[in-house]
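Examining the three-dimensional arrangement
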Amino acid sequence: MANKLLLVAVLAAALLSFTALHAWASVPNPDNSTCALEWVYPGATLRVIACPAGDGSALAGSVTVRDQFNVPMAGVAVVVDVDFFCDHLVWCKTPAWLPDTTLITDGGGVARLPVGIDHSTTGLHFCAGRDVIGPPEIVDCCSVQYTVTCLGVQLCQVTTELVSVDLNQNPGSALYVEALDHQVFSVDYLSNTCRSDFNGTSEDTPTGTWAVAGLDISLFNEHWLHACEVQPPPATTEEVCP
Ligand SMILES: [Ca+2]
Ligand SMILES: [Ca+2]
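What comes next concerns the included structure. Just so it is clear, the structure is predicted and the values come from calculations on it, not from any experiment.

Attention now goes to the overall build of the chain. Of the regular secondary structure elements, the chain holds 3 helices and 12 strands. Across the 242 residues in the chain, those meeting the buried criterion constitute 36%. Across the chain, contacts joining residues at least 24 apart in sequence account for 65% of those joining residues at least 6 apart.

With that settled, the discussion passes to the nonpolar core. Inside soluble globular proteins, nonpolar side chains tend to come together where they are buried. Counting residues in each nonpolar core, the largest one holds 48 residues, and the members touching the most others are I49, L59 and V63. With 5 residues, the top contributor of residues to this core is strand β9 (residues 142-150).

Another aspect to go through is the sheet that holds strand β10 (residues 153-164). Read from one edge to the other, the open sheet built from 5 strands follows the order β2-β10-β9-β4-β6, with strand pairing classed as mixed. Two strands lie at the open edges of the sheet, namely β2 (48-50) and β6 (100-104), each paired on one side alone. Averaged over all pairs of adjacent strands, the angle between strand axes in this sheet comes to 25°, irrespective of strand direction.

For helix α2 (residues 179-188), the complete set of buried residues consists of D181, V184, F185 and D188. Angularly, the buried residues of α2 cover 95° about the axis, an arc narrow enough to put them on a single face. Check the buried side of α2 and you find it contacts α3 (214-221). Phi turns positive, to about 55°, at L190, one or two residues after α2.

The rules behind each value
Residues numbered from 1 in each chain as written. Chains lettered and ligands numbered in written order. Predicted model: local features only at pLDDT ≥ 70, side-chain atom pairs only at ≥ 80, totals over all residues. Helix = DSSP H or I, 4+ residues; strand = E, 2+ residues; numbered from the N terminus. Buried ≥ 20, exposed ≤ 12 C-beta atoms within 10 Å, placed from the backbone. Contact = placed C-beta atoms within 7 Å. Core = buried A, V, L, I, M, F, W, Y, C linked by C-beta atoms within 7 Å. Pairing = 2+ DSSP bridges. Axes fitted to C-alpha atoms, helices over the stretch in contact; angles between N-to-C directions. Arc of directions from axis to C-beta.

This is the structure we're talking about:
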C-alpha cells in the first residue's frame, strides 16, 4: 500500500511539472512585439513605388518578438509574407522572397530584413511595372500587403497602395520607363488619378488641389529611362535584381 501511495505521489508530481511547463511555455505576443517594417522610398512613404530597374520602394526594417512575459524570443523563425493584389503588375523577375521569406531572431529577439543591393535602402526590393493601357483604362492603384507571423501567431499586417513609374507596356515600352509612360503621366497630371500619384499626397496648384502634381513629376523623373534589362542600354540604368 505504501508503495502504491508513493507511486501515485510521484506520478502526480510528474503531471504537475508537465502542466507547469506547458503553462509557462513561451509564445509570441503581438502586443509585446514590435513590427518596425516600412516600404522605404525617399519622398514617398505613403505608397509602394514599382520600377522595372528595382530601385523603387523596398520593404525594410526589423521585427522584435517578445513573449507573453515581455521577454525577447531568441532563435525563432519570423515569416514575412508579401501579397501583391495587382492583376496588371508585370514582373521583370519574380523576387526570390515571394511569397514569403523567413528570418531568425537574434539574442535580443530581433529579426532584420536582409540587406538589399539597391541604391540607398536595404530590404526586399522588386523589379516590375504596370500595364494600365487599353480598355478598360485603369486609373486605380493596386495594393500590396505584408503579414508577419511567428510560430503561427500573427504579429502585424499592413496594406499599402502600389503605383508604378512604368505605366505602359506597349512594344518598345515594356518594362522600360520612357516617352509612352510619360504620355500616361501627362494625361493624369493635375488630376486625382491614383495610378500617377506616386507620393500619395496632394498639392496646392494655381488650378486647385490635386493628387498628381509637381512632386510626382520629380519622382517620375528619378526613374526616367530605367529598364528591367538592358533594352536598349540607357546609361542611367542599373540592374539591381539578381
Ligand atoms: Ca513603359
Ligand atoms: Ca501626389
